[in-house]
Amino acid sequence: MSVNSVTHLNFRGDAQAALTFYQSVFGGQVVAITYKDAGSIQNPAEADQVMWGQVAADNGFHVMAYDVPSRLPWNQGENAFFVSLRGDTAEEVTAYWEKLSEGATVQQPLGPAQWAPLYGMLTDRFGVTWVVDVVSEYS
């Protein structure tokens, strides 16, 4: 079993450009899944925006990113990032979730998602937002 925490950057329509830029700086490979790719279109104007993306390089650089949908609040200076916590098994992820959720505000309950066997989002009692999931085929 292993767990990784990665900075997860939040954008409003610029995630693909940011991922491409970070790849040009650090190397590695960009993987980006759009809302259309994931079958999760809620606003047709945002279908081609990034629902989940990352740059991972052999030198150890790793960053994740997505485009915050217009239905959710977003302020570049206030919620520019999440901490992404990814594990190999549902048991492992659930154990971390249960501990992190003490005193937290749950944004998305931990459960199956179209893009991951298990996914959830919460803001812990210190104001840090965590996206927690089990590694899927996209990663």
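Up top is the structure.
The rules behind the values
- Residues numbered from 1 in each chain as written.
- Predicted model: local features only at pLDDT ≥ 70, side-chain atom pairs only at ≥ 80, totals over all residues.
- Heavy atoms only, no water.
- Helix = DSSP H or I, 4+ residues; strand = E, 2+ residues; numbered from the N terminus.
- Rg over C-alpha atoms; globule rule 2.2 N^0.38 Å.
- Buried < 20%, exposed > 50% of the residue type's maximum accessible area, 1.4 Å probe, protein only.
- Contact = heavy atoms within 4.5 Å.
- Areas by Shrake-Rupley, 256 points an atom, 1.4 Å probe, with all protein chains shown as cover.
- Lys, Arg positive; Asp, Glu negative; His and termini not counted.
- Charge placed at Lys NZ, Arg CZ, Asp CG, Glu CD.
- Expected span 1.5 Å × (residues − 1).
- Arc of directions from axis to C-beta.

### A word on the overall build of the protein chain
Argument step 1. Tallying secondary structure elements over the protein chain gives 2 helices and 8 strands in all.
Argument step 2. What you see in the protein chain, going N to C, is helices and strands ordered as β-α-β-β-β-β-α-β-β-β.
Argument step 3. Against the compact-globule benchmark of 14 Å for 139 residues, the protein chain has a radius of gyration of 15 Å, which places it among compact chains.
Argument step 4. Principal-axis analysis of the C-alpha atoms gives the protein chain an extent of 35 × 35 × 30 Å.
Argument step 5. The buried share among the 139 residues of the protein chain stands at 40%.
Argument step 6. The long-range fraction of contacts in the protein chain, counting pairs at least 24 apart against all pairs at least 6 apart in sequence, stands at 53%.
Argument step 7. Carbon and sulfur atoms form 51% of the exposed surface of the protein chain, whose accessible area is close to 7,700 Å².
Argument step 8. The averaged location of the 15 negative side-chain charges in the protein chain is 5 Å from the averaged location of its 6 positive side-chain charges.

### Looking at helix H1 (residues 15-26)
Argument step 1. Here H1 is 12 residues long and its end C-alpha atoms lie 16 Å apart, about the 16 Å a rise of 1.5 Å per residue gives.
Argument step 2. If you check which residues of H1 are buried, you get Ala15, Ala18 and Leu19. The arc that holds the buried residues of H1, viewed along the axis, is 100°, so those residues lie on one side. H1 presents Ala17 and Ser24 as exposed residues on the side facing more than 90 degrees away from its buried surface.
Argument step 3. Residues of H1 that are buried sit in contact with strand S1 (3-11), strand S2 (29-34), strand S3 (50-56) and strand S4 (62-67).
Argument step 4. Positioned one or two residues after H1, Gly27 has a phi angle of 80°, which is positive.

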